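# Fold and geometry: a report
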Amino acid sequence: MSSSQIDYSFQTKTNRTALEQGFRDGIPIGLGYFAVSFSLGIVARNAGLSPFQGFLASALCSASAGEYAGFTLIAALGTFMEIAVITFITNARYLLMSCALSQKAEPGMPLIHRLLTSFYITDELFAISIARPGYMNPYYTYGAILIASPCWAFGTAFGVIAGSLLPLRIVSAFSVALYGMFLAVIIPPARKNKVIAGLILLSFAASFCSSYLPVISDISSGTRTIILTVLISTVAAILFPRNTSEKGEHV
């Protein structure tokens, strides 16, 4: 057997092992995705989406906050431009995650692997991929995607179906789970950082006031959300810049 055949056999075995490890590590992520996307499906149902449309939305967009914003704007009859802009702003953090993962990509990694792994960057998949030592094997990410992505998409579809069949009180109870998810996201950093806590309260107050102020209240809710997001984020970045020299800032 030639050396090239030995190398190919070794690489195939390595990729298969990485795929199996990724699938194993992706099981708890997939279970969590199913629960969260089930709640998203109820929001999609309230926005008038069918089970297939909910499934397709989650299959093409693996971002809970982005999908929630999109479904909310659909329910509010937002324009395509509003949906595109707010989804971009909501998911902007994935640009930073992509930059971090690109540093772990092997120099000779084919473009197709770079594109596929970048399309499925989520908070959880990023965390397990960045934590692995050495260069990132794309097959590890594919293994996690094989379980996480279907759970996310089917969970949304089942949520849409459940929203059509279950009693209104039960549907409302499931809807609370999504708000609980957002509270779980904002409360821990707010407890550690007074600036973040203040900005969260400011965001709540600004959103409430903008719903009643003259002229501003006449603007669609989607546009108001975009304006407030950009303004508050810009002011926060100017007044409270992050000190990148502090320990733990670098990914």
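As a reminder, the structure under discussion sits directly above these lines.
Being a predicted model, the structure only gives us computed values, none of them experimental.

About the criteria used
- Residue indices follow the written sequence of each chain, beginning from 1 at its first position.
- The model is predicted, so local features are restricted to residues of pLDDT at least 70 and side-chain atom pairs to those at 80 or more, both for listing and for counting; the totals for chains, interfaces and linings are taken over all residues.
- Heavy atoms throughout the structure, all of them, feed into the side-chain values; hydrogens and water do not.
- Put simply, DSSP marks the helices as runs of H or I at least four residues long and the strands as runs of E at least two long, and each gets a number from the N terminus on.
- Working definition: with a 1.4 Å probe on protein chains only, accessible area under 20% of the residue-type maximum means buried, over 50% means exposed, and in between means partly exposed.
- What sets the accessible areas is the Shrake-Rupley method with a 1.4 Å probe; for residues, cover comes only from the shown protein chains.
- Each polar contact in these results corresponds to two N or O atoms within 3.5 Å; when the atoms are within protein, one needs to be able to donate a hydrogen and the other to accept it, and residues that are neighboring in sequence are counted only if both atoms are side-chain atoms.
- The contact definition used throughout considers only heavy atoms, calling two residues in contact when any of these lie within 4.5 Å.
- To define a nonpolar core, start from buried Ala, Val, Leu, Ile, Met, Phe, Trp, Tyr and Cys residues and group those joined through side-chain atoms within 4.5 Å.
- By definition, a salt bridge exists where a carboxyl oxygen of Asp or Glu is found within 4 Å of a side-chain nitrogen of Lys or Arg.
- Here a patch means residues that are over 30% exposed by relative accessible area and free of salt bridges, tied together within 9 Å if like-charged and within 5 Å if nonpolar (Val, Leu, Ile, Met, Phe, Trp, Tyr).
- Helices are assigned an expected span. That span is 1.5 Å times one less than the residue count.
- Pairing of aromatic rings covers Phe, Tyr and Trp, the last through its six-membered ring, and needs centres within 6.5 Å; plane angles under 30 degrees mean stacked, over 60 mean edge-to-face, and all others mean tilted.
- Placement of a charge over a ring requires the Lys NZ or Arg CZ to be within 6 Å of the ring centre, with the centre-to-atom vector within 35 degrees of the ring normal.

### Here's the deal with the overall build of the chain
Check the secondary structure of the chain and you find 11 helices and 0 strands. Each helix and strand of the chain, ordered N terminal to C terminal, gives the series α-α-α-α-α-α-α-α-α-α-α. Looking at the 251 residues of the chain, the share that counts as buried comes to 33%. With an accessible surface of roughly 15,400 Å², the chain has 70% of that area assigned to carbon and sulfur atoms.

### Overview of the side chain of H113
One can find H113 in helix α6 (residues 111–119). One polar contact links H113 to Y142, side chain to side chain, over a distance of 2.7 Å. Excluding residues within four positions of it along the chain, H113 makes contact with P138, Y139 and Y142.

### Side note on the nonpolar core
Most often, soluble globular proteins have nonpolar side chains that are buried together. Core analysis: the biggest nonpolar cluster contains 19 residues, and I29, Y33, F71, L125 and I128 have the highest contact counts within it. Those elements that provide at least two residues to this core are α1 (3–46), α7 (123–130) and α8 (138–165). Here this core takes 7 residues from α8, the largest share from any one element. Ignoring sequence-local partners within four residues, the contact set of I29 consists of E124, L125, I128 and A148. Core analysis: the next-biggest nonpolar cluster, separate from the first, contains 10 residues, M97, A100, M109 and F126 among them.

### Structural notes on the pattern of salt bridges
Counting across every chain of the model gives 1 salt bridge. For R24, the salt bridge is made with D25, and the minimal N-O distance between the two is 3.0 Å. Of the residues examined, D25 reaches a relative accessible area of 22% and is grouped as partly exposed.

### A short note on the environment of N91
On the secondary structure map, N91 appears in the loop between α4 (80–90) and α5 (93–102). Look at N91 and you get buried, because its relative accessible area is 15%. Along the primary structure N91 and G66 are separated by 25 residues, whereas in three dimensions their C-alpha atoms are 6.1 Å apart. Beyond its immediate sequence surroundings of up to four residues, N91 is in contact with C61, A63 and G66.

### Here we look at the side chain of E82
Within the fold, E82 resides in helix α4. Classification of E82 by relative accessible area gives buried; the value is 9%. A polar contact of 3.1 Å, which involves the side chain of E82, links it to the backbone nitrogen of T79.

### Quick notes on a nonpolar patch on the surface
On the surface, L213, V215, I216, I219, I227 and L231 cluster together into a nonpolar patch covering about 500 Å² of accessible area. Along the chain, I216 turns up in the loop between α10 (194–210) and α11 (221–239).

### Here we look at α8
With 28 residues, α8 extends 40 Å from end C-alpha to end C-alpha; this agrees with the ideal 40 Å at 1.5 Å per step. Summarising burial for α8: 20 of the 28 residues are buried, a large majority. At the N-terminal end of α8, a side-chain oxygen is found 2.9 Å from the backbone nitrogen of Y139, two or three residues along, and the residue is N137.

### Things to note about the packing of aromatic side chains
This structure, assessed with the given rule, holds 8 aromatic pairs. Centroid distance F208 to Y212: 5.1 Å. Interplanar angle 50 degrees. Geometry classified as tilted. The residues F208 and Y212 share a single accessibility class, namely exposed. By the ring-pair criterion, three or more aromatic residues cluster together here, those being F34, F38, F55, F154 and F158. The ring centre of Y140 lies 4.0 Å from the NZ or CZ of R132, which sits over that ring.

### Focus: unusual backbone geometry
Of note, the phi angle at V215 is positive, near 70 degrees, even though the residue is not glycine. Checked against the element boundaries, V215 lands in the loop between α10 and α11.

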